[in-house]
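# Geometric and topological summary
Each chain is listed here by its residues.
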Amino acid sequence: PMTCQNYPIGFTAWAKDPTIDLESLKLVLTMDPLGAPGIKNNDFVAVLGTESTPGLQELMEESFQGAATKPLFVNRQYAATSYSDADALTKD
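Let us look at the structure shown here. (Residues numbered from 1 in each chain as written. Predicted model: local features only at pLDDT ≥ 70, side-chain atom pairs only at ≥ 80, totals over all residues. Heavy atoms only, no water.)

## As for the overall build of the protein chain
Looking only at helices and strands, the protein chain has three helices and two strands in total. Beginning at the N terminus, the succession of helices and strands in the protein chain can be written as α-β-α-β-α. Among the 92 residues that make up the protein chain, the fraction classed as buried is 16%. Here the contacts in the protein chain between residues at least 6 apart in sequence split such that 62% fall between residues at least 24 apart. Counting only carbon and sulfur atoms, one obtains 56% of the accessible surface of the protein chain, whose full area is about 7400 Å². (Helix = DSSP H or I, 4+ residues; strand = E, 2+ residues; numbered from the N terminus. Buried < 20%, exposed > 50% of the residue type's maximum accessible area, 1.4 Å probe, protein only. Contact = heavy atoms within 4.5 Å. Areas by Shrake-Rupley, 256 points an atom, 1.4 Å probe, with all protein chains shown as cover.)

## Comments concerning the pairing of strand β2 (residues 70–74)
Two strands pair when backbone bridges link them, and strand β1 (residues 44–48) and β2 are joined in this way by five bridges, in the parallel orientation. Directly across from A46, in β2, lies its bridge partner L72. Note that the unit made of β1, helix α2 (residues 56–64) and β2 has a crossover that is right-handed. (Pairing = 2+ DSSP bridges. Right-handed = clockwise from strand over helix to strand, strands pointing away.)

## Thoughts on the nonpolar core
Counting residues in each nonpolar core, the largest one holds five residues, listed as V45, V47, L56, M60 and F64. At the level of elements, β1 and α2 are the ones that each hand at least two residues to this core. Among residues more than four places away in sequence, those in contact with V47 are M60, P71, L72, F73 and V74. (Core = buried A, V, L, I, M, F, W, Y, C linked by side-chain atoms within 4.5 Å.)

## Quick look at α2
Residues lying three or four places apart along an α-helix face the same way, a consequence of the helix completing one turn every 3.6 residues. Those residues of α2 lying buried are L56, M60 and F64. The buried residues of α2 all sit within an arc of 70 degrees when viewed along its axis, so they share a single face. Of the exposed residues in α2, the ones pointing more than 90 degrees away from its buried face are L59 and E62. Along its buried surface, α2 packs onto β1 and β2. (Arc of directions from axis to C-beta.)

By themselves, these figures tell us nothing about what the structure is for.
Have a look at this one:
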């Protein structure tokens, strides 16, 4: 199967060869391209992981005010996903 481990691109590749000291990071946001081809009238983006940082969801809600794209906040503990770019920093 195709996995990001087979094709290190984007954030995964950067995490393996970062341009800054990873210990200096305070917050990491990764975003996939919006638009989700094949989903008619797609106007949302799933936002995972805000539950781990107090106040982050509220900050992101403010940043989406008035935007055509709506955030859908999902707790990673309950999301059925097989991969996240953030895993490059949070998993061995």
